[in-house]
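The chain contents come next:
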Amino acid sequence: MSILLYAESSEGKLKKTAFELASYAKGIALETGKKVTALTFNVSDATALSKYGVDKVLNLQSEKLNSFNARAYADALSQAAKQEGANIVLVSTSTNAKYLAPLLAVKLNAGFVSNVVALPLSQPPFSVKHAVFTNKAFGVSEIKTDIKLIGVSKNAYGLKENPATLSVETFNPTLEETDFNQKLIEISQSTNKVTIADAEIVVSGGRGLKGPENWGMIEELASVLGAATACSKPVSDIGWRPHSEHVGQTGKPVAANLYIAIGISGAIQHLAGVNASKVKVVINNDPEAPFFKAADYGIVGDAFEVVPKLIEKLKEFKSANG
Amino acid sequence: MKILVFISHVPDTTSKINFTDNDSRFDLNGVQFVINPNDEFALTRAMWFKEKQGATVTVVNVGEAETEPTLRKALAIGADEAIRVNAKPADGFFVAKQLSKVIADGGYDLILAGKESIDYNGGMVPGMVAGLLNYSFVNGCIGLEVEGQKATAIREIDGGKETLKFDLPLIVGGQKGLVEEKDLRIPNMRGIMTARSKTLTVRNPTSDESQTSAVKFEKPVAKTAVKLVNADQVEELINLLHNEAKVI
Ligand SMILES: Cc1cc2nc3c(=O)[nH]c(=O)nc-3n(C[C@H](O)[C@H](O)[C@H](O)COP(=O)(O)OP(=O)(O)OC[C@H]3O[C@@H](n4cnc5c(N)ncnc54)[C@H](O)[C@@H]3O)c2cc1C
Ligand SMILES: Nc1ncnc2c1ncn2[C@@H]1O[C@H](COP(=O)(O)O)[C@@H](O)[C@H]1O
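Residues numbered from 1 in each chain as written. Chains lettered and ligands numbered in written order. Predicted model: local features only at pLDDT ≥ 70, side-chain atom pairs only at ≥ 80, totals over all residues. Heavy atoms only, no water.

Focus: the sheet that holds strand 13 (residues 201-205) of chain A
Taken together, the six strands give an open sheet; going across it, the order is 14(A)-13(A)-15(A)-16(A)-17(A)-15(B), and neighbouring strands pair in parallel fashion. Of all strands in the sheet, those with a lone pairing partner are strand 14 (228-231) of chain A together with strand 15 (227-229) of chain B, marking the two edges. Taken pair by pair, the neighbouring strands of this sheet meet at an average axis angle of 20°, ignoring direction. Where strand 15 (residues 258-262) of chain A lies against strand 16 (residues 279-284) of chain A, five bridges are found, and the strand directions are parallel. Considered in strand 16 of chain A, the bridge of Ala261(A) is made with Val282(A). Contacting strand 15, strand 16 and strand 17 (297-300) of chain A, helix 8 (residues 303-320) of chain A crosses the sheet at an angle of about 130° to strand 16 of chain A. (Pairing = 2+ DSSP bridges. Helix = DSSP H or I, 4+ residues; strand = E, 2+ residues; numbered from the N terminus. Axes fitted to C-alpha atoms, helices over the stretch in contact; angles between N-to-C directions. Contact = heavy atoms within 4.5 Å.)

The following block contains the structure:
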């Protein structure tokens, strides 16, 4: 019996989610003695996975899979799981993982629980704790099937080093023709920007910033911190910022290490989407703004005065601390 | 073109989340239910296909009698007919099984759903239906056009978007962007009146299989009070984030 994980990559390089899943898998392995196997797609060097406890890498190289294809990737993962006799299969909660996971669940006849925030609580019965109601609460669910598919929430378990001896095997699944029924027309991606999904730090602005012309300081603060930029829903609804920056219950979830909210009141729908972030900072000129009840650190003050000062002091801090 | 729209019936986003019966189930007390926000985008796009391309639109929900007002609302927005599979949703797989049967019986060209429902956030029903029927599937969809038997879909990816072409039938997990927020429909008086006479068919469930079961629920632990820093001492905030929180 083994644990199989989907080691995500981008342009041949493993993503942080791959190492998080490896850490999580090793956490289960330490309790159960199972082996940890990772499937990689067009990654040339996956040795770094051994640092986090992966015993075996199935190395899939295929031109046809150069761009992500949920159906084909799910097909490959299900064949890997069957070959390895895996009864626990792990995916992340990234956009691509959420796309392929339900397809994979059907192929493996596996019960699927997503947004899982901790190691399995008991086995048997096999139960996991997961976020529900967009992070307003948690649920414990039991998975009743032989194979269990788990979507592990970003940043919930974290990275834990635990070296293992790695073996690498070539993996050549026979993919079905129907996997390639869809045709990729184009991909447009801004490559120089940190994305909300990958960011460790997110700097977010709300209606308190008064207009799109004032986003310069938000972008500058983000760039000093190596952060992604985000916004509240009304800001994207009025078109000050693109929809892709809208975070919250009906936008993107944010599970960063640090979330900085500037001129955002902290409505229940906004908080629901950013609650999974570890540390929250609020800058707002209204001491009664609900966000102060949900934040770890706060400054009561005018964003137009506080943010420029913060940028200046952060630059000093960065140059002093390398 | 025959379109089917999945409608999930969920607590309004302002709802306070509480649990009852020893934390074993969601407390319905004082909770208002609405069409799942992602499904509203899907439904509005379906209305566009109806008006511009003469599609017929059926809406479907798997749920008990209390979800009917939500389906009636979808009819008032302009759907032609509604189906309710009369069962308490046991899990995502259970729901996907019921919906697959509805699709197999009805023969739809396009199936529009939300990418996720905001209650249990499984994000699994549309993909599972696609898997069960071996249909094409696009998730996180923010743009959709149909011409004849071909659909062009835009999908949000991390840091950008991707355009894909599919043959129908296609299942779509939609989200904001599929239509603009300002174009979302709210039922008008006439819509509400005509909705009353539209057909709402109640079907029996076809299978009772489920793969997971909810054991209990928990609320997050209460937060410790915020630490306030004086607006004139932003360096103190930097110090706290570096030395105490260790996030910069
Ligand atoms: C169905 C539904 C779903 C929703 N989903 C989401 C969601 O996913 N995400 C989301 O964000 N919202 C969502 N909302 C909207 C939410 O209810 C709030 O309306 C929204 O979050 C408010 O945005 P805001 O904080 O930017 O604006 P406001 O509420 O207008 O707050 C602006 C804040 O800026 C402060 N401010 C003003 N001037 C300054 C200054 N000079 N310096 C510092 N601070 C200043 C004010 O004190 C105020 O607190 C949803 C609403 C509904 C009905
Ligand atoms: N009980 C249900 N009845 C009809 N459609 C549903 C139901 N549950 C989920 N869906 C659809 O599946 C999507 C994803 O839901 P979920 O997998 O529960 O996150 C929703 O946005 C709906 O479109």
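Looking at the site of ligand 2
Residue and element names in this part refer to chain B. Around ligand 2 sit 20 residues in total, of which Asp 39, Ser 117, Gly 123, Met 124 and Val 125 are the nearest. Between Asp 39 and ligand 2, the recorded distance is 2.5 Å, taken from a side-chain N or O atom to an oxygen atom. Ser 117 is positioned with one of its side-chain polar atoms (N or O) 2.6 Å from an oxygen atom of ligand 2. Put simply, the parts of the chain that give the shell around ligand 2 at least two residues each are strand 6 (56-63), helix 3 (92-106), strand 8 (110-114) and helix 4 (125-133). (Near = heavy atom within 4 Å. Polar contact = N/O pair within 3.5 Å; in protein donor to acceptor, adjacent residues only side chain to side chain.)

Considering the packing of aromatic side chains
According to the stated counting rule, one finds 17 aromatic pairs over all chains in the structure shown. Here the aromatic rings of Phe68(A) and Tyr73(A) are separated by 4.9 Å at their centres, their planes lie at 65°, and the arrangement is edge-to-face. Across this residue pair, the class does not change: Phe68(A) and Tyr73(A) are buried. Put simply, the rings of Tyr6(A), Phe41(A), Phe68(A), Tyr73(A), Tyr99(A) and Phe137(B) pair up and form one aromatic cluster. Positioned above the aromatic ring of Phe138(A), the side-chain terminus of Lys129(A) is 4.8 Å from the ring centre. The lysine or arginine in question, Arg45(B), covers the ring of Trp48(B), its NZ or CZ lying 4.0 Å from the ring centre. (Phe/Tyr/Trp six-rings, centres within 6.5 Å; stacked < 30°, edge-to-face > 60°. Buried < 20%, exposed > 50% of the residue type's maximum accessible area, 1.4 Å probe, protein only. Lys NZ or Arg CZ within 6 Å of the ring centre and 35° of its normal.)

Focus on the domain arrangement of chain A
All names here are of chain A. For chain A, the domain assignment lists domain 1 (2-180) and domain 2 (201-320). Put simply, the middle of domain 1 and the middle of domain 2, counted by C-alpha atoms, are 32 Å apart. On the domain 2 side, the residues contacting the five residues of domain 1 number ten residues. When the two sides are added together, the surface that domain 1 and domain 2 hide from each other amounts to roughly 690 Å², 40% of it contributed by carbon and sulfur. Three residues, Asn 135, Lys 136 and Asn 155, lead the burial of domain 1 against domain 2; their summed loss comes to 66% of the area buried on that side. One can count zero salt bridges joining domain 1 with domain 2. Our enumeration of links across domain 1 and domain 2 arrives at four residue pairs in polar contact (both at pLDDT 80 or more). Split by residue class, the side of domain 1 that touches domain 2 holds no nonpolar, three polar and two charged. (Domains from an automatic or database assignment. Buried area = accessible area lost by both parts, 1.4 Å probe. Salt bridge = Lys/Arg side-chain N within 4 Å of Asp/Glu carboxyl O. Nonpolar A, V, L, I, M, F, W, Y, C, P; charged D, E, K, R; others polar.)

Focus: the sheet that holds strand 9 (residues 136-147) of chain B
Spatially, ten strands are ordered 12(A)-11(B)-10(B)-9(B)-12(B)-8(B)-1(B)-6(B)-7(B)-13(B) in an open sheet, and the strand pairing comes out mixed. For this open sheet the edge positions go to strand 12 (183-189) of chain A together with strand 13 (200-203) of chain B, each flanked by a neighbour on one side alone. Between one strand axis and the next, the sheet turns through 30° on average, direction left out of account. As paired strands, strand 9 of chain B and strand 10 (residues 150-157) of chain B are joined by six bridges and run antiparallel to one another. Bridge pairing in strand 10 of chain B places Leu144(B) opposite Ala153(B).

Considerations on the site of ligand 1
Around ligand 1 lies a shell of 27 residues, among which Ser232(A), Thr250(A), Ser265(A), Gln269(A) and His270(A) are the nearest. Neighbouring residues of ligand 1 are not confined to a single chain but are spread across chains A and B. Between ligand 1 and Gly208(A), the relevant distance is 3.5 Å, taken from a nitrogen atom to a main-chain nitrogen or oxygen of the residue. A distance of 2.7 Å separates a nitrogen atom of ligand 1 from a polar side-chain atom of Thr250(A). The protein chains hide 77% of the 990 Å² of surface that ligand 1 would expose on its own. Of all the elements in the fold, those that place two or more residues in the shell around ligand 1 are helix 5 (233-237), helix 6 (268-274) and helix 8 of chain A. (Areas by Shrake-Rupley, 256 points an atom, 1.4 Å probe, with all protein chains shown as cover.)

With respect to the interface of chain A and chain B
In this assembly, 82 residues from chain A lie in contact with 72 residues from chain B. Per-residue buried area on chain A facing chain B is highest for Tyr99(A), Phe133(A) and Tyr297(A); these three make up 12% of the total on that side. Between Lys233(A) and Glu181(B) there is a salt bridge, with the nearest N and O atoms lying 2.8 Å from each other. Where chain A touches chain B, the interface holds 33 residue pairs in polar contact (both at pLDDT 80 or more). Of the residues forming the side of chain A that touches chain B, the biggest block, eight residues, is contributed by helix 3 (residues 95-108) of chain A. Grouping the amino acids of the side of chain A that touches chain B by side-chain chemistry returns 36 nonpolar, 29 polar and 17 charged. The pairing of strand 9 (residues 137-143) of chain A with strand 14 (residues 212-218) of chain B spans six bridges and is antiparallel. What sits directly across from Ile143(A), in strand 14 of chain B, is Thr212(B).

A few points about the side chain of Arg45(B)
Residues and elements named next belong to chain B. Topologically, Arg 45 is positioned in helix 1 (residues 37-53). On the accessibility criterion, Arg 45 (9% relative accessible area) is buried. The residues touching Arg 45, leaving out its near neighbours within four places in the chain, are Leu 144, Glu 145, Leu 178 and Val 179.

Some points on the side chain of Thr212(B)
Take Thr212(B): it is sitting in strand 14. Excluding anything up to four places from it in sequence, Thr212(B) contacts Gly111(A), Phe112(A), Val113(A), Glu142(A), Ile143(A), Lys144(A), Ala90(B) and Asp91(B).

So, the pattern of salt bridges
In this structure the tally under the stated criterion is 31 salt bridges over all chains. In this structure, the salt-bridge partner of Glu218(B) is Lys216(B), at a minimum N-O distance of 3.5 Å. With a relative accessible area of 25%, Glu218(B) lands in the partly exposed category. Overall, the relative accessible area of 36% leaves Lys216(B) in the partly exposed class. Each of Lys193(A), Glu219(A), Arg241(A) and Glu245(A) takes part in a single network of salt bridges with overlapping partners.

Brief notes about the pairing of strand 16 of chain A
Residue and element names in this part refer to chain A. Among the six residues that make up strand 16, six are buried, leaving the element largely enclosed by the rest of the structure. By the alternation rule, side chains of strand 16 split into Val 279, Val 281 and Ile 283 and Lys 280, Val 282 and Asn 284, which are all buried. Read as a crossover between parallel neighbours, the route from strand 15 over helix 6 to strand 16 is right-handed. In the sheet, strand 16 pairs with strand 17 via four bridges, with the strands oriented parallel. Bridged to Val 281 within strand 17 is Tyr 297. (Right-handed = clockwise from strand over helix to strand, strands pointing away.)

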